[in-house]
There are 2 protein chains.
Amino acid sequence: MTLAEAKAKFIADWGRFGTNWGINRTMAQIHALLLISPDPLSADEVMEELSISRGNANMNVRELIDWGLVQKVIRPGERKEYFSAEKDIWKVARQIVKERKKRELDLMIPVLKELSEVEGDKRDKAVKTFTDTINNIRKFSDQADKTLDTMIRADEHWFLGSLMKLFAGKRD
Amino acid sequence: MTLAEAKAKFIADWGRFGTNWGINRTMAQIHALLLISPDPLSADEVMEELSISRGNANMNVRELIDWGLVQKVIRPGERKEYFSAEKDIWKVARQIVKERKKRELDLMIPVLKELSEVEGDKRDKAVKTFTDTINNIRKFSDQADKTLDTMIRADEHWFLGSLMKLFAGKRD
DNA sequence: CTGAACTTTCAAAACTTATTGAAAGTTTTA
DNA sequence: TAAAACTTTCAATAAGTTTTGAAAGTTCAG
């Protein structure tokens, strides 16, 4: 496979993969393109490489910046803005976990608390099943909250090293 | 909040939450409904509670069964099929991880291997950046693959207990 | 200032995905 | 075996999401 073919395949696959995770195809493709670019790219270069419109490029680059995955690069003496992606995948993964936690889990936890305070007689089977389920989800969420916070703070070597050592003795 | 209000809110929120994760709203709502039902529900009850069509109910219940989150329950002496959801959230989470891994990571790993075999001169900056990025992703994916396999096999108590103990000394 | 170079916005159009409901299929009962 | 009870399918349609591109906005050199 030539570099050009490999690039095209990586961009297409990363884009398809992204859609499974609620990220839009173009956003994932721009991310892929920037991941494999040795140098920062301008909006025009992104448009050209992916055959997308200016508005689309702008919107999705902005969203990648919001997610903390891409940065603007200003080159001295140039008007144009350039964009470059964080290349260390461990940092990328941590950043994604951090943002999703903020946008999802952190919003869900107070909702679960509210739901757990439903009124009604615990001897009523419907009430009991409801509160048991919500409390089960709450316990899980609180645990996930703590675990993810720790992961977000961890550095790669420590995290993978410890986890692997931990798991090593537990295989069946 | 009354039970009826709480149920409605939980179903709506779980549904909204699901769409963030590439699960369709109806599927997540049916899952929510079954999670909080003390007894298995029939297709008609699901249709009625969520105001959805028969086809929609059937399709999404089937998908929940495919994901291993819901089971058919046959009651002696009754024609109708009933459906009930696994209520233990740790099992639900493990099942989801297992299925997503199968549908996503397991498909991605061979693609990354193929991409890492791109031809070209390593002294070419474009080639080097490409292969470095792909190899970085491969290393991460291989690690994730192993970690997830172990998690899938782990039982709740062991996993959370060990992980928490591990993390306990590492807070800042 | 002014105008060129560039970025951002947003309404309309294209595309994608989910839902309906009636018809077809299957199983059970009598 | 026939009809009732139930489940599944799928083409049409509705709903939701993404993309376009032209217009508006911003910045900066001269």
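Since this is a predicted model, take the numbers as computed values, not measurements.

Colleague: Which residues make up the interface of chain B and chain A, and what values go with them?
Modeller: With 57 residues of chain B in contact, the opposing surface of chain A contributes 56 residues. Counting every contact that joins chain B to chain A gives 2 salt bridges. In this structure, D39(A) and K125(B) form a salt bridge, with 3.2 Å as the shortest nitrogen-oxygen distance. Broken down by secondary-structure element, the contributors of at least two residues to the side of chain B that touches chain A are α1 (3-20), α5 (89-116), α6 (125-153) and α7 (156-168) of chain B. Sort the elements by how many residues they give to the side of chain B that touches chain A and α6(B) lands first, with 15 residues. A breakdown of the residues in the side of chain B that touches chain A according to their chemical character gives 30 nonpolar, 11 polar and 16 charged.

Colleague: Outline the pattern of salt bridges, listing residues and values.
Modeller: Within the structure shown, the criterion is met by 29 salt bridges over all chains. In this structure, K9(B) and D13(B) form a salt bridge, with 3.1 Å as the shortest nitrogen-oxygen distance. Placement of both K9(B) and D13(B) in helix α1 is noted, with a separation of 4 residues, approximately one turn of the helix. Classification of K9(B) as partly exposed rests on a relative accessible area of 25%. When the shortest N-O distance is used, the salt bridge between D121(B) and R123(B) registers 3.0 Å. Overlapping salt bridges bring together K101(A), D106(A), D145(A) and D149(A) as one network.

Colleague: Give me the environment of L64(B): which residues, what numbers.
Modeller: Residues and elements named next belong to chain B. By the secondary structure assignment, L64 is in helix α4 (residues 54-66). Residue L64 is classed as buried on the basis of its relative accessible area of 1%. Put simply, L64 and F140 are 76 residues apart on the chain and 30 Å apart in space, counted from C-alpha to C-alpha. When near neighbours in sequence (up to four residues on either side) are disregarded, L64 contacts M27, I30, H31, L69 and V70.

Colleague: Could you give an account of the protein's contact with DNA strand C, naming the residues involved and the relevant values?
Modeller: Close contacts around DNA strand C come from 17 residues, with N58(A), R62(A), T26(B), S53(B) and R79(B) the closest. Each atom of DNA strand C within 4 Å of the protein belongs either to a base or to sugar and phosphate, the latter forming 66%. Between DNA strand C and R62(A) there is a distance of 2.7 Å, counted from a phosphate oxygen to a side-chain nitrogen or oxygen. Within the contact set of DNA strand C, a phosphate oxygen lies 3.1 Å away from a side-chain nitrogen or oxygen of N56(B). For the surface near DNA strand C, the secondary structure elements donating two or more residues are α4 (54-66) of chain A together with α4 of chain B.

Colleague: Provide a residue-level description of the relation of the copies chain B and chain A, including the pertinent values.
Modeller: Expressed as a screw transformation, the operator carrying chain B onto chain A has a rotation angle of 180 degrees and an axial translation of 0.0 Å, and the superposed copies differ by an RMSD of 0.1 Å. Such a combination of turn and shift is consistent with a two-fold rotation axis. Here 98% of the contact residues of chain B are again contact residues in chain A; the copies associate through an equivalent surface.

Colleague: Could you give an account of the sheet that holds strand β1 (residues 41-42) of chain B, with specific residues and numbers?
Modeller: Residues and elements named next belong to chain B. Judged by pairing direction, the sheet is antiparallel, and its 3 strands sit side by side in the order β1-β3-β2 without closing on themselves. With partners counted over all chains shown, the strands left at the sheet margins are β1 and β2 (70-74), one partner each. Two strands pair when backbone bridges link them, and β2 and strand β3 (residues 81-85) are joined in this way by 5 bridges, in the antiparallel orientation. Bridge pairing in β3 links V73 to Y82.

Colleague: Let's hear about unusual backbone geometry: which residues, and what values?
Modeller: Residue and element names in this part refer to chain A. Residue S51 is not a glycine yet carries a positive backbone phi of 50 degrees. Turning to its location among the elements, S51 is positioned in the loop between α3 (43-50) and α4. For S51, a relative accessible area of 66% translates into the label exposed.

Reading the values: the criteria
- Residues numbered from 1 in each chain as written.
- Chains lettered and ligands numbered in written order.
- Predicted model: local features only at pLDDT ≥ 70, side-chain atom pairs only at ≥ 80, totals over all residues.
- Heavy atoms only, no water.
- Contact = heavy atoms within 4.5 Å.
- Salt bridge = Lys/Arg side-chain N within 4 Å of Asp/Glu carboxyl O.
- Helix = DSSP H or I, 4+ residues; strand = E, 2+ residues; numbered from the N terminus.
- Nonpolar A, V, L, I, M, F, W, Y, C, P; charged D, E, K, R; others polar.
- Buried < 20%, exposed > 50% of the residue type's maximum accessible area, 1.4 Å probe, protein only.
- Near = heavy atom within 4 Å.
- Polar contact = N/O pair within 3.5 Å; in protein donor to acceptor, adjacent residues only side chain to side chain.
- Least-squares fit on C-alpha atoms with pLDDT ≥ 70 in both.
- Pairing = 2+ DSSP bridges.

The quantities given are spatial measurements derived from coordinates; they are silent on function.
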